[in-house]
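What the coordinates show
Each chain is listed here by its residues.
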Amino acid sequence: MNSKIDFPLPTDLPRPTDDGAADHLKGMRLPNLSLPTTGGRTIQLEKLGAGRTVIYCYPMTGVPGTPLPEGWDLVPGARGCTPQACNFRDRHEELTQFGVAVYGLSTQSTEYQREMAERNHLPFEILSDSEFRSCDALRLPTFTMAGTRLLKRLTLIIKGGEIEHVFYPVFPSNESADRVIDWLKAHPLQD
């Protein structure tokens, strides 16, 4: 499967700009809290391990047959959550060759995300922060749409419990894993 073909993005999507809302993240330690996963586990963020972990954060995935909120495509960076997940799926084997663990993160419930993860055959788990615990602890950038608080799209590279690099804003979403791989190639782990 190829996420760029399976889930093409409209060419006229508004491009998000860097509003500085993620500037504080590089160098931060992950909070001492646990989040549920679509795999039925609970992950302790501060204990992700000494190697690298990629957590890509996104607003919300849609459900086939259910319309997205009105005006969704007009919000810069909102559209493209499923193409982003599928880009990480399609590049997952290459990411693991760098010794990287991959997780998605949204504020949707685990049950909601499990359907998307199964439907798209994701080989990694999605973390649910439906109570905004990691969002608030890390002061992750969010926005409100149709009365719902959602994450802005960003990607964190974490090493030894500390945020090593931040991709923000992420655009286009269906090339997110490609940019992470480019960065990993340019920044190999030192033994």
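Note: the structure precedes this text.
Because the structure is a prediction, the values reported are computed rather than measured. (Residues numbered from 1 in each chain as written. Predicted model: local features only at pLDDT ≥ 70, side-chain atom pairs only at ≥ 80, totals over all residues. Heavy atoms only, no water.)

Thoughts on the packing of aromatic side chains
Applying the stated criterion across every chain yields a total of four aromatic pairs. Summarising the aromatic geometry, the rings of Tyr-56 and Tyr-58 are spaced 5.6 Å apart at their centres and angled 25° between planes, so their arrangement reads as stacked. Tyr-58 shares its class with Tyr-56; the two are buried. Pairing Tyr-56 with Phe-124 gives two aromatic rings, centres 5.9 Å apart and planes at 85°, and the pair type is edge-to-face. Of this pair, Tyr-56 sits in strand E3 (residues 52–57) while Phe-124 sits in the loop between helix H4 (110–119) and strand E5 (125–128), and the two are 68 residues apart along the sequence. Taking the relative accessible area as the measure of exposure, Tyr-56 reaches 0% and is therefore buried. Members of the aromatic cluster, connected to one another through ring pairs, are Tyr-56, Tyr-58, Phe-88 and Phe-124. (Phe/Tyr/Trp six-rings, centres within 6.5 Å; stacked < 30°, edge-to-face > 60°. Buried < 20%, exposed > 50% of the residue type's maximum accessible area, 1.4 Å probe, protein only. Helix = DSSP H or I, 4+ residues; strand = E, 2+ residues; numbered from the N terminus.)

Concerning helix H2 (residues 81–90)
Burial of H2 is extensive: nine of the ten residues sit out of reach of the surface. Buried residues of H2: Cys-81, Thr-82, Pro-83, Gln-84, Ala-85, Cys-86, Asn-87, Phe-88 and Arg-89, and no others.

Regarding the sheet that holds strand E9 (residues 162–167)
Sheet strands pair by backbone hydrogen bonding; their relative direction is either parallel or antiparallel. Strand order in the open sheet formed by five strands is E5-E4-E3-E8-E9, and the pairing between neighbours is mixed. Unpaired on one side and paired on the other, E5 and E9 mark the two borders of the sheet. If you compare each strand with its neighbour and ignore which way they point, the axes differ by 25° on average. Packing of H2 onto the sheet brings it into contact with E3, strand E4 (101–106) and strand E8 (154–159), and relative to E3 it is tilted by some 160°. (Pairing = 2+ DSSP bridges. Axes fitted to C-alpha atoms, helices over the stretch in contact; angles between N-to-C directions. Contact = heavy atoms within 4.5 Å.)

Here we look at the packing of H2 against helix H6 (residues 176–186)
Running from N to C, H2 and H6 point in directions that differ by 45°, and their axes come no closer than 7 Å. One way to sum up the angle between H2 and H6 is to call them oblique. Contacts between H2 and H6 involve Gln-84, Asn-87 and Phe-88 from the former and Ser-176, Ala-177, Asp-178 and Val-180 from the latter. Considering only residue class, the contact of H2 with H6 consists of three nonpolar, three polar and one charged. (Parallel < 35°, antiparallel > 145°, perpendicular 65-115°, else oblique. Nonpolar A, V, L, I, M, F, W, Y, C, P; charged D, E, K, R; others polar.)

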